[in-house]
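Descriptive analysis of the structure
So the chains spell out like this:
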Amino acid sequence: MGDDLSIDQDPGLPMETIRGIPVSSGIVIGRVFRLGEAEQRVPHRRIESGEVDREIERMETAFEEAIADLEALRDRTRVQLGAEPAKIFEFHVGLLRDPSLRKPIRTRIETDLVVAEWAVADEFRAVADRFAAMGNEVFAQKTADIIDLDRRVLDRLMGENTSRLATLEEPVIIVAHELTPSQTAGMDRTKVLGFATDLGGRTSHVSIVAKAVDIPAVVGCQRISRIAENGDLVIVDGDGGTVILDPTDEILADYRARQTRVTSYRAELRRSAGLEAITVDGSSISLLGNIEFPDEIPSVLDNGGAGVGLYRTEFLYLTSGHEPSEDDHYQAYRTAISHLGGRPLTIRTQDLGADKYTQTQAEEPERNPFLGCRSIRYSLLHLPEFKTQLRAILRAAAAGPVKVMFPLVSTVMEIRQAKMLLADVAEELDEEGVERGRDVSIGMMVEVPSAALMARAFSSEVDFFSIGTNDLIQYTLAVDRGNERVANLYTGASPAVIQLVKNVVRAARRREIEVSLCGELAGEPIYTMLLLGLGLRTLSMVPTQIPLIKTVIRAVTIDHCERIARKVGTFDSERQVLNYLRDELRKIDPGSPGGWTAD
Ligand code: PEP
Ligand code: MG
């Protein structure tokens, strides 16, 4: 639901305008690079026996090139995002070097007389099927890696590819049917200007990562991957949610001008990052950053964040391709603590499952993964894995202020069990004489309606609440947060969601425990006044949004925000809420280009 940009299509020109969901701010103009289609075009051609050597050589070269691409990617990721995210590429290099993978492909070319592409595709598929059939979690997880590598080698063989991305002369705009969160995390910002995908929603994890790495993006474009051709000129407007293929000269000039305005406005906002987050009437608001990797912390601080309100630790798992050891966890948390220099770090325990643990990796694919074994439920069923993480958190807490937070809690029993495990782990560490933090606050995400409704009961179990509106919206409204087809129904302006947020804040205040909000709403200026009016004083968001939210805070009074919250409480439709909040925001908007991004 971005602002309507009113771009009409000129019937005389091939320009095409597609509306999607704006998920990562900024306007980019560049050439299309289509991803993920190689596997659909594998040539099934037979060869003469005299061509065998040539095909084997092509296959070997493709493997070596894919390995070189992966090594380059590993090195770049290590520099840009740190050692942990780089490990997945190390692991992939190891798989491609394994001779037992190449041998049957060679045999297949020699005996069946087929082109290298055909032999590669069939062999990788067979290996993936074998892993998947083993019913063992570790092997099932390898299935996804094999599919990924299959594409890489095929891309190299077919000359047009994901790996070509690494050798591009000019930066491009990626167009794909769908991207994964880890693909997005691995993007080289000097090569990728932005992206547009058919699938995805405002708070799907790929969108969250796009914001974290600051790549302008529009998702949910439904058919963009079918109509865009490699090399087409395209505009991606990550604020308005528009993708324009083959723009006219006039539209191009218009967007270039907007681009300049947006860039200078963002630079101006960044200059105010160091100012205090304080309302006109003197209330101090704590603005924190959401991170996926410790290396994002410098961006939190540069943008004026006072600490980390949500560290999504599952990305340690998702990008390493294996279960992190206690030391892997510990090193990551220690890095985060040292970047923060005494500022608070809220570590959320692994939130695996649903879209953050693909169904090909799951032990058994679930029919309704978002309602299945995800988050705390998964952790409580995998106790050794869970305890490994808890040990590392407690150990790291000896080095700085750490809070621990459990995701997707839906029953009081779950939080009691999680607390009991944490106490067990603390006792174990003490018995072993291992140093640990002694002052670790325990909190829970409130992101399921049952927890929000029963917030009063939960408030006596924890030291703090953090409201996760991304999930709270989807579970309250029964709308998949990643499904573009129902994206129009997914909104934080829902009176039902607002009621739940209000209930949680009230329960926290009554018991005098801390409450914050770390869903994407925290970083959307249209909601800032409402959230302050509902009583929130701590907001945690994607780091790049902090200066903008700070600017809003510095222009309002709490009294005014409370009046807004009371008025919103009288509305019964999200349309009314949105229109009202948009009008109120416009009154204080100091003239940003095109207005502040709206819901
Ligand atoms: C949320 O659900 O609001 C949240 C912050 O968690 P995540 O987006 O990681 O599910
Ligand atoms: Mg969540």
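Residues numbered from 1 in each chain as written. Chains lettered and ligands numbered in written order. Predicted model: local features only at pLDDT ≥ 70, side-chain atom pairs only at ≥ 80, totals over all residues. Heavy atoms only, no water.

Topic: the nonpolar core
Counting residues in each nonpolar core, the largest one holds 93 residues, and the members touching the most others are F406 and F465. Per-element tally for this core: the top contributor is helix α19 (residues 495-511), with eight residues. Setting aside residues no more than four positions away along its own chain, F465 makes contact with M444, V446, A455, F458, S459, V504, A508, I513, E514, V515 and S516. One finds I88, A119, A128 and L154 within the second-largest nonpolar core, a separate group that totals 34 residues. (Core = buried A, V, L, I, M, F, W, Y, C linked by side-chain atoms within 4.5 Å. Buried < 20%, exposed > 50% of the residue type's maximum accessible area, 1.4 Å probe, protein only. Helix = DSSP H or I, 4+ residues; strand = E, 2+ residues; numbered from the N terminus. Contact = heavy atoms within 4.5 Å.)

Focus: the site of ligand 1
Around ligand 1 sit 16 residues in total, of which R312, R348, E447, N470 and R481 are the nearest. Backbone polar atom of N470 to an oxygen atom of ligand 1: 2.8 Å apart, as the coordinates give it. Here D471 contributes a side-chain N or O atom positioned 3.0 Å from an oxygen atom of ligand 1. Look at ligand 1: alone it shows 290 Å² of surface, and the protein chains cover 100% of it. For the shell around ligand 1, the secondary-structure elements that each account for two or more residues are α7 (205-212), β10 (308-312) and α18 (469-477). By residue number, the principal contributor to the shell around ligand 1 is α18, which donates three residues. Each residue belonging to the shell around ligand 1 can be placed in one class, and the counts come to four nonpolar, five polar and seven charged. (Near = heavy atom within 4 Å. Polar contact = N/O pair within 3.5 Å; in protein donor to acceptor, adjacent residues only side chain to side chain. Areas by Shrake-Rupley, 256 points an atom, 1.4 Å probe, with all protein chains shown as cover. Nonpolar A, V, L, I, M, F, W, Y, C, P; charged D, E, K, R; others polar.)

So, the coordination of the magnesium ion (ligand 2)
Within the protein, the atoms that donate to the magnesium ion (ligand 2) are E447 (OE) and D471 (OD), at distances of 2.0 to 2.1 Å. One end of the pair, E447, is in the loop between β13 (441-446) and α16 (449-453); the other, D471, is in helix α18, with 24 residues separating them in the sequence. Residue E447 is classed as buried on the basis of its relative accessible area, which comes to 2%. Accessibility expressed as a relative area gives 2% for D471, which makes it buried. (Donors = N, O, S within 2.8 Å, 3.2 Å for Na, K, Ca; no water.)

Section: the environment of D239
Relative to the helices and strands, D239 is located in the loop between β7 (233-237) and β8 (242-245). A relative accessible area of 18% means that D239 is categorised as buried. Each C-alpha atom of the pair D239 and P216 lies 8.2 Å from the other, and the pair is 23 residues apart in sequence.

Quick look at helix α12 (residues 326-340)
In this model, α12 (15 residues) spans 21 Å end to end at C-alpha, consistent with the 21 Å of a helix rising 1.5 Å per residue. Those residues of α12 that sit buried are E326, D328, H329, Y330, A332, Y333, A336, I337 and L340. Immediately beyond the C-terminal end of α12, within one or two residues, lies G341, with a positive phi of roughly 50 degrees. (Expected span 1.5 Å × (residues − 1).)

Thoughts on the pattern of salt bridges
All told, the structure shown has 37 salt bridges when counted by the stated rule. A salt bridge links D559 to R563; the nearest nitrogen and oxygen atoms lie 3.3 Å apart. Of this pair, D559 and R563 are both found in helix α22 (residues 558-568), four residues apart, which corresponds to roughly one turn of the helix. The exposure class of R563 is partly exposed, given its relative accessible area of 43%. A network of salt bridges, in which partner residues are shared, links E314, R348, D351, R374, D471 and R481. (Salt bridge = Lys/Arg side-chain N within 4 Å of Asp/Glu carboxyl O.)

Some remarks on the pairing of strand β5 (residues 192-197)
One face of the sheet, then the other: side chains in a regular strand alternate in exactly this way. For β5, the tally of buried residues reaches five of six residues, placing the bulk of the element in the interior. Across five bridges, strand β4 (residues 172-176) lies against β5 in parallel orientation. Looking at the pairing, A176 lines up with T197 of β5. Chirality of the crossover, the property in question, places the unit of β5, α7 and strand β6 (residues 217-219) among those that are right-handed. (Pairing = 2+ DSSP bridges. Right-handed = clockwise from strand over helix to strand, strands pointing away.)

As for the packing of α22 against helix α23 (residues 574-588)
The packing of two helices is summarised by the inter-axis angle and the distance between the axes. Viewed as axis vectors pointing N to C, α22 and α23 meet at an angle of 160 degrees, and their least axial separation amounts to 10 Å. Compared by their axis directions, α22 and α23 come out roughly antiparallel. With respect to the hand of their crossing, α22 and α23 are arranged in right-handed fashion. Residues H560, I564, K567 and V568 of α22 form the contact with α23, whose participating residues are V577, Y580, L581 and E584. A class-by-class count of the residues in the contact of α22 with α23 yields five nonpolar, one polar and two charged. (Axes fitted to C-alpha atoms, helices over the stretch in contact; angles between N-to-C directions. Parallel < 35°, antiparallel > 145°, perpendicular 65-115°, else oblique. Left-handed = near helix turned anticlockwise from the far one by under 90°.)

Regarding a positive patch on the surface
A cluster of like positive charges, contributed by R456, K502, R506, R510 and R511, occupies part of the molecular surface. Considering each element in turn, the positive patch owes the most residues, four residues, to α19. Within the secondary structure, K502 sits in helix α19. Its relative accessible area of 32% is what places K502 among the partly exposed residues. (Patch = residues over 30% accessible without salt bridge, like charges linked within 9 Å, V, L, I, M, F, W, Y side chains within 5 Å. Lys, Arg positive; Asp, Glu negative; His and termini not counted. Charge placed at Lys NZ, Arg CZ, Asp CG, Glu CD.)

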